[in-house]
Amino acid sequence: MSDTEHLTTGSTKPIFPDDGVLRLYSMRFCPYAHRVHLVLDAKNIPHHNIYINLQAKPDWFTKMSSTAKVPALEVVKEGENTVLIESLVICDYLDEMYPEVPLYPTDPLKKAQDKILVQRFGHFITSLYKMLLDDKRELDLTDLITDLEIYENELKQRGSKFFGGSKPGMLDYMIWPWCERFAALKLGDGTQAELDPQRFLTLLQWRDLMLQDKAVKIFYLDGETHDKYMNSRKAGSADYNMLYHAAKRTRRE
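What you see is a predicted model; the values in this text were computed from it and never measured. (Residues numbered from 1 in each chain as written. Predicted model: local features only at pLDDT ≥ 70, side-chain atom pairs only at ≥ 80, totals over all residues. Heavy atoms only, no water.)

Assigned secondary structure in the protein consists of 11 helices and four strands. Relative to the compact-globule value of 18 Å for 253 residues, the protein shows a C-alpha radius of gyration of 19 Å, a close match. Taking all 253 residues of the protein together, 48% fall into the buried category. In the protein, the share of contacts with a sequence separation of at least 24, taken over all contacts with a separation of at least 6, comes to 71%. If you sum the accessible surface of the protein, you get close to 12900 Å²; carbon and sulfur atoms cover 50% of it. Here the protein carries 33 positive and 37 negative side-chain charges, and the mean point of each set is 2 Å from the other. (Helix = DSSP H or I, 4+ residues; strand = E, 2+ residues; numbered from the N terminus. Rg over C-alpha atoms; globule rule 2.2 N^0.38 Å. Buried < 20%, exposed > 50% of the residue type's maximum accessible area, 1.4 Å probe, protein only. Contact = heavy atoms within 4.5 Å. Areas by Shrake-Rupley, 256 points an atom, 1.4 Å probe, with all protein chains shown as cover. Lys, Arg positive; Asp, Glu negative; His and termini not counted. Charge placed at Lys NZ, Arg CZ, Asp CG, Glu CD.)

What follows is the structure, given as structure tokens:
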């Protein structure tokens, strides 16, 4: 996935075989699209990946998606121009349509409670991105710590390895993209921001277990890579093809 170029203005729409396979329009560094990649890979759902340059989108993409945003999932079997948008909507659709590997609890109350925790994570997302895009690097982790304590206590109360039990579930995958990007946070002296290992013992153990998960491994990028992308974004020219160009250089060597 990392060596795929992002399509831009003037790019022709990719031609795929008439195989009925899902088509995911994504951007390699988008955490919301990351959610959908995790669910597709966790469920082993065949799909085509198409990466979009969000600063110079192809004309055909802006006509195909009602919001011209990623992620967008083209459900080919349902007819032409059947496109789903919004990461949570897409992931819920995938969980219902491909029930062989269920990601939500079967109990309606527990499912609802997990959805509430996914929604509450939005505050952490907002706080994290403000810090990642802050040139001053004068980080106040208070809001992040307060938000994460909710999930530390929740996982501790559940007494399981993952929020989903013995293996990752929907809640695990829906919050993971930003937990992965937490590693890109650096303090004023350039050192990486870290969570207190005693205060967040359970959540840090969860993080280490998530890093061993098959779906997480497939799409994983380390903190330095995320930081490099965020720096390009702050500079006003997001380097969507950073991994593509790195892969090309490697092939030439």
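After that view of the structure, there is still more to cover.
Turning next to the side chain of arginine 181. As for its placement among the helices and strands, arginine 181 is situated in helix α7 (residues 170-181). In this structure arginine 181 is buried but unpaired, with glutamate 180 as the nearest side chain of opposite charge at 4.5 Å. If sequence neighbours within four positions are ignored, arginine 181 has contacts with Phe29, Cys30, Pro31, His34, Leu128, Tyr129, Leu132 and His226. (Salt bridge = Lys/Arg side-chain N within 4 Å of Asp/Glu carboxyl O.)

Moving on, we come to the UniProt feature "domain: GST N-terminal" (unreviewed entry) in the protein. According to UniProt, the feature "domain: GST N-terminal" (unreviewed entry) maps to residues 20-102 in the numbering used here. Counting secondary structure, residues 20-102 comes out at 35% helix and 19% strand; the distance between its end C-alpha atoms is 22 Å. (UniProt positions renumbered as here; feature names shortened; annotations may be inferred.)

According to the stated counting rule, one finds 10 salt bridges in the structure shown. For lysine 156, the salt bridge goes to glutamate 152, with nearest N and O atoms at 3.6 Å. Of this pair, lysine 156 and glutamate 152 both sit in helix α6 (residues 142-158), four residues apart, roughly one helical turn. What makes glutamate 152 buried here is its relative accessible area of 1%.

Right, let's get into the side chain of histidine 34. With respect to the helices and strands, the residue histidine 34 is situated in helix α1 (residues 31-42). Residues in contact with histidine 34, not counting those within four places in the same chain, are Trp176, Pro177, Glu180, Arg181 and Phe219.

Here the focus is the packing of aromatic side chains. All told, the structure shown has 11 aromatic pairs when counted by the stated rule. Taking the centre distance of 5.3 Å and the plane angle of 90 degrees together, the rings of phenylalanine 121 and tyrosine 151 count as edge-to-face. Taken together, the residues span a long stretch of sequence, with phenylalanine 121 in the loop between α4 (108-120) and α5 (122-132) and tyrosine 151 in helix α6 at a distance of 30 residues. Pair check on accessibility: phenylalanine 121 and tyrosine 151 agree, each one buried. One aromatic cluster in this structure is built from Phe121, Phe124, Tyr151, Phe163, Trp176 and Trp206. Lying across the ring of phenylalanine 219, arginine 28 places its NZ or CZ 3.6 Å from the centre. (Phe/Tyr/Trp six-rings, centres within 6.5 Å; stacked < 30°, edge-to-face > 60°. Lys NZ or Arg CZ within 6 Å of the ring centre and 35° of its normal.)

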